[in-house]
Amino acid sequence: MNINEAIQNRRAIKLYDPSVKISDDDFKKLMELTILAPTSFNIQHWRFVRVTDKAKREQIRAVAWGQAQVTDASELVIICADLKAWAKNPRRYSNGAPEDVQNYLEKALTDFYTGREWIERDEAMRSVGMAAQTLMLAAQGMGYDSGPMIGFDQDAVAKIINLPSDHVIGMFVVIGKRTADAHPRIGRLPVDQVVINNSF
Ligand SMILES: Cc1cc2nc3c(=O)[nH]c(=O)nc-3n(C[C@H](O)[C@H](O)[C@H](O)COP(=O)(O)O)c2cc1C
């Protein structure tokens, strides 16, 4: 499947065949593609919680508006981010680069984040979004369906997955095989309503 087909065919799928299992090998392949998504300063602050425990899936569904895909999709991935990843051994993000480049990047990212807590969160959400779309397109390319989700109680899910206090939850992505197609696309705004030439 080429990239245009993957983009065109991806839909937010809600109903999944619960008997379908994704092998650990396929899941690893999906994640290996996902983590090639870009992040500012290459900090890769995303953290992916793969929820395989059935009881946890039920608990999460109960705080996710009862949405069936939480328990029925083959995979539930909770995409989180470490808000403080920038301060945790940041030289590892430029590992392999010449020393002057590593020095430059370490100072640049430290200056960028220090004392700017709001940007930690903005950056987290940007990176989670990049990862989510990459994961969904990778899934499409490997013959799976997927769905992004934000319809859940953030605090309740944080408790269930024991989210560290310096992490945030961005969104869920579910992956599996559909049992029902998505409804026809609705309400898509035309390009000329969303593209602005040069200035608003
Ligand atoms: C961040 C995000 C959160 C979403 N949350 C949910 C959700 O909780 N439940 C749901 O059924 N769909 C959810 N959706 C799916 C959207 O409704 C869907 O992407 C949109 O209607 C466009 O349809 P399409 O993705 O099939 O083109 C979410 C989409 C995004 C991007």
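Anything mentioned here points back to the structure above.
1. Observations regarding helix 2 (residues 24–34)
In step 1: Along helix 2, the residues classified as buried are Asp26, Phe27, Leu30, Met31 and Thr34. Around the axis of helix 2, the buried residues are gathered within 135 degrees of arc, so they sit on the same side. Away from its buried face by more than 90 degrees, helix 2 exposes Asp25 and Lys28.
In step 2: Contact partners of the buried residues in helix 2: strand 1 (46–51), strand 2 (75–82), helix 6 (117–141) and strand 4 (167–176).

2. So, the side chain of His167
In step 1: Residue position: His167 is located in strand 4.
In step 2: For His167, a relative accessible area of 15% corresponds to the buried category.
In step 3: Within the structure, the side chain of His167 is placed 2.8 Å from the side chain of Asp166, a separation counted as a polar contact.
In step 4: Leaving out residues up to four positions away in the same chain, His167 has contacts with Arg47, Ala81, Asp82, Leu83 and Lys88.

3. Quick word on unusual backbone geometry
In step 1: Positive phi is not limited to glycine here, since Asn42 has a value of about 60 degrees.
In step 2: When you line up the elements, Asn42 lands in the loop between helix 2 and strand 1.
In step 3: Positive phi, close to 60 degrees, is recorded for Trp65, a residue that is not glycine.
In step 4: Checked against the element boundaries, Trp65 lands in the loop between helix 3 (54–62) and helix 4 (69–72).

4. Points about the site of the ligand
In step 1: Around the ligand there are 13 residues in total, and Arg11, Ala12, Lys14, Gln67 and Arg188 lie nearest to it.
In step 2: One of the side-chain nitrogen or oxygen atoms of Lys14 is found 2.7 Å away from an oxygen atom of the ligand.
In step 3: Between Pro148 and the ligand, the recorded distance is 3.3 Å, taken from a backbone N or O atom to a nitrogen atom.
In step 4: Look at the ligand: alone it shows 620 Å² of surface, and the protein chains cover 63% of it.

5. Things to note about the environment of Pro164
In step 1: Residue placement: Pro164 occurs in the loop between helix 7 (154–160) and strand 4.
In step 2: Residue class for Pro164 comes out partly exposed when judged on its relative accessible area of 38%.
In step 3: Residues Pro164 and Ala12, spaced 152 residues apart in sequence, show a C-alpha to C-alpha distance of 29 Å.

6. Considering the pattern of salt bridges
In step 1: One pass over the structure, following the stated rule, counts 12 salt bridges.
In step 2: Two residues, Lys28 and Glu32, come together in a salt bridge whose shortest N-O distance is 3.7 Å. With a gap of four residues between them, Lys28 and Glu32 both fall in helix 2, about one helical turn apart.
In step 3: Given the relative accessible area of 54%, Lys28 is considered exposed.
In step 4: Its relative accessible area of 42% is what places Glu32 among the partly exposed residues.
In step 5: Its salt-bridge partner being Arg91, residue Glu106 comes within 2.8 Å of it at the nearest N-O pair.

Basis of the calculations
- Residues numbered from 1 in each chain as written.
- Predicted model: local features only at pLDDT ≥ 70, side-chain atom pairs only at ≥ 80, totals over all residues.
- Heavy atoms only, no water.
- Buried < 20%, exposed > 50% of the residue type's maximum accessible area, 1.4 Å probe, protein only.
- Helix = DSSP H or I, 4+ residues; strand = E, 2+ residues; numbered from the N terminus.
- Arc of directions from axis to C-beta.
- Contact = heavy atoms within 4.5 Å.
- Polar contact = N/O pair within 3.5 Å; in protein donor to acceptor, adjacent residues only side chain to side chain.
- Near = heavy atom within 4 Å.
- Areas by Shrake-Rupley, 256 points an atom, 1.4 Å probe, with all protein chains shown as cover.
- Salt bridge = Lys/Arg side-chain N within 4 Å of Asp/Glu carboxyl O.

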